[in-house]
Amino acid sequence: MDVQEKSAIDKSAIAPRGASGGADTIAAVSSGSGGAVAVLRLSGPQAGAVLVALAGRLPEPRRAHLARLRHPTSGEVLDQGLALWFPGPRSATGEDMAELQIHGGRAVVAAVLGAVLDVPGLRPAEAGEFTRRAFLNGRIDLTEAEGLADLIGAQTEAQRRLAFAHAFGHLGQRVEEWRRRLIRAMALIEAGIDFADEDDVPAGARALARPEVEALHAELTAALADRRGALVREGALIAIAGLPNAGKSSLINALAQRDIAIVSDEPGTTRDLLEVALDLDGHKATLVDTAGLREAESKVEAEGIRRARARMAEADLVLWVHDVSAGPAPEAAPSLETERPLWLVANKIDRAGPAASAPAAWPVRSFAISAAGGQGLEELTRALGGFIATRAEGEHPALIRARHRASAGEADSHLTLALEQWERLDDELLAEELRLAARALGRMTGVIGVEDLLDVVFREFCIGK
Ligand SMILES: Nc1nc2c(ncn2[C@@H]2O[C@H](COP(=O)(O)OP(=O)(O)OP(=O)(O)O)[C@@H](O)[C@H]2O)c(=O)[nH]1
Ligand SMILES: [K+]
Ligand SMILES: [Mg+2]
């Protein structure tokens, strides 16, 4: 029986659109708009010929060469710039590639790109197509492609660091290592199937495989329990809660420095959840303003309160806002029916004076602020950034996206079943469970069965990447 999983995908089934036999040659501007220098990239079998047509000759591989760039048919000089030649397969996409660094002016870029695309057989690249070709040619795995998308989109320092590790193979290597170990365990069991009558196969092949499967199962379960990747990528969810009129909406407006929520002296102003994405001291967070918690006076308010409680139950942190001008903070932290981390934010210290601002002794962190006046907000922002940093720190987590968690979860459930039924399943069925687990892991890096996923992954890219 063949115990090796297919190690490469069937490329013909997922070749770039429009490809016939060999791929087309694609071209696009890969630099952002508006810079002094624009970078034009070409990939495909005609890249070298186009470079010769424009720059006069093929530069030495991977060396920048200053060249006059001419229109291939009219001979008109279009610009002077740097030409680079990256012969495949040792290029970013695995194909022959050319790069032109030209002046970034709109007219220059349009003229050079136009001249390139005038060459028969050349066409503009679709969004993410360079990266897609790199994946199809085995230069990167699917998790690395996602990492690149995240790196380009990273908005905070923590996201940049995570995406960088991700883009350069951290997750892919770990998952491939899991998969290889799984295939080894499967091979042991299948050896038992195929050669049961031969003497040299250890009788205890199954017994040898079990500790390895147990170890893998434990590692996968731990990776699934680790939510740090999601925390950095999606950001922390911070719910602002409290009694009506505590100043929750005032606080979200102050932290966002924008007028997001309606503030009024009427209790029960906020009904719907209001969310805003913020960069808190270099860390991404989503803040949610919620309806004040009390006995609802209307159906709409009751629904608002139900939503508030539901969102609080999911939050990484709840900020409990208390109006100190209305009396001292409650002696004990309010029961939220959930066990989320909770900080006390004593608000309106401008009104009550510093004496009243000292919050009651809660077993949590507390802050004294004025959402309206701005006091204490800087300290609160820094503490929130620190909270996210602490929760997200440590070695780079394995599972970052929902897609990764789904694959790992599927693998995990096959391993759980295999271990539970270990003695009852015959060799063939046991090996099948392990094979299904290996397949689920293979989908994460894209070595198998990812045709349906490619559009989802590569859609995130911009043109030229
Ligand atoms: N003096 C003072 N007033 C404040 C402060 N923060 C909020 N307020 C006032 O308190 C009142 C209620 O503020 P909101 O932000 O609407 O309170 P809320 O908690 O969102 O109220 P609901 O949405 O009704 O639950 C408004 O009149 C605000 O102007 C503060 O720091 N100092
Ligand atoms: K209010
Ligand atoms: Mg409000």
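Source: prediction; values computed, not measured.

What counts, and where the lines are drawn
Residues numbered from 1 in each chain as written. Chains lettered and ligands numbered in written order. Predicted model: local features only at pLDDT ≥ 70, side-chain atom pairs only at ≥ 80, totals over all residues. Heavy atoms only, no water. Helix = DSSP H or I, 4+ residues; strand = E, 2+ residues; numbered from the N terminus. Contact = heavy atoms within 4.5 Å. Polar contact = N/O pair within 3.5 Å; in protein donor to acceptor, adjacent residues only side chain to side chain. Near = heavy atom within 4 Å. Areas by Shrake-Rupley, 256 points an atom, 1.4 Å probe, with all protein chains shown as cover. Donors = N, O, S within 2.8 Å, 3.2 Å for Na, K, Ca; no water. Buried < 20%, exposed > 50% of the residue type's maximum accessible area, 1.4 Å probe, protein only. Lys, Arg positive; Asp, Glu negative; His and termini not counted. Salt bridge = Lys/Arg side-chain N within 4 Å of Asp/Glu carboxyl O.

J.: Help me understand the environment of Arg-41 in this model?
T.: Its location among the elements puts Arg-41 in strand β2 (residues 37-43). Along the sequence, Arg-41 and Glu-99 sit 58 residues apart, while their C-alpha atoms lie 4.6 Å from each other. Apart from residues lying up to four places away in sequence, Arg-41 is in contact with Ile-26, Ala-27, Ala-28, Ser-30, Ala-92, Met-97, Ala-98, Glu-99, Phe-130, Gly-464 and Lys-465. One polar contact links Arg-41 to Ser-30, side chain to side chain, over a distance of 3.2 Å.

J.: Looking at this model, I keep getting lost on the site of ligand 1. Mind explaining?
T.: Around ligand 1, 23 residues are found, and the nearest of them are Lys-248, Ser-250, Gly-268, Thr-269 and Thr-270. Within the side chain of Lys-248, one N or O atom sits 2.7 Å away from an oxygen atom of ligand 1. Contact between ligand 1 and Thr-270: an oxygen atom at 2.8 Å from a side-chain N or O atom of the residue. When ligand 1 sits alone it has 650 Å² of accessible area, and the protein chains cover 89% of it. For the shell around ligand 1, the secondary-structure elements that each account for two or more residues are α9 (248-256) and α11 (349-357). Counting residues per element, the shell around ligand 1 draws most heavily on α9, at three residues.

J.: Explanation requested: the coordination of the magnesium ion (ligand 3) in the structure shown.
T.: For a metal with four tetrahedral donors the ideal donor-metal-donor angle is 109.5 degrees, whereas six octahedral donors ideally subtend 90 or 180 degrees. For the magnesium ion (ligand 3), every protein donor is listed as Ser-249 (OG) and Thr-270 (OG1), and the spread of their distances is 2.0 to 2.1 Å. A distance of 4.9 Å spans the gap from the magnesium ion (ligand 3) to the potassium ion (ligand 2). Residue Ser-249 is found in helix α9, and its partner Thr-270 is found in the loop between α9 and β8 (274-280); the two are separated by 21 residues along the sequence. Of the two residues, Ser-249 and Thr-270, neither departs from the other in class, the shared state being buried.

J.: Would you take a moment to explain the coordination of the potassium ion (ligand 2) for this structure?
T.: Looking at the metal site, the potassium ion (ligand 2) is ligated by Asn-245 (OD1), Ser-264 (O), Glu-266 (O) and Thr-269 (OG1), spaced 2.5 to 2.9 Å from it. Along the chain, the residues donating to the potassium ion (ligand 2) are arranged with the sequence spacing N-x18-S-x1-E-x2-T. Taking relative accessible area as the criterion, Glu-266 reaches 55% and is therefore assigned exposed.

J.: Honestly, the side chain of Asp-412 in this entry has me stumped. Any pointers?
T.: Tracing the sequence through the fold places Asp-412 in helix α13 (residues 402-420). Within the buried set, Asp-412 has no salt-bridge partner at all; the shortest N-O distance to an opposite charge, 10 Å, is to Arg-405. A distance of 3.1 Å separates the side chain of Asp-412 from the side chain of Thr-221, its partner in a polar contact. If we ignore the near neighbours within four places in the chain, the residues touching Asp-412 are His-217, Leu-220, Thr-221 and Leu-224.

What is shown is where atoms sit, not what they do.
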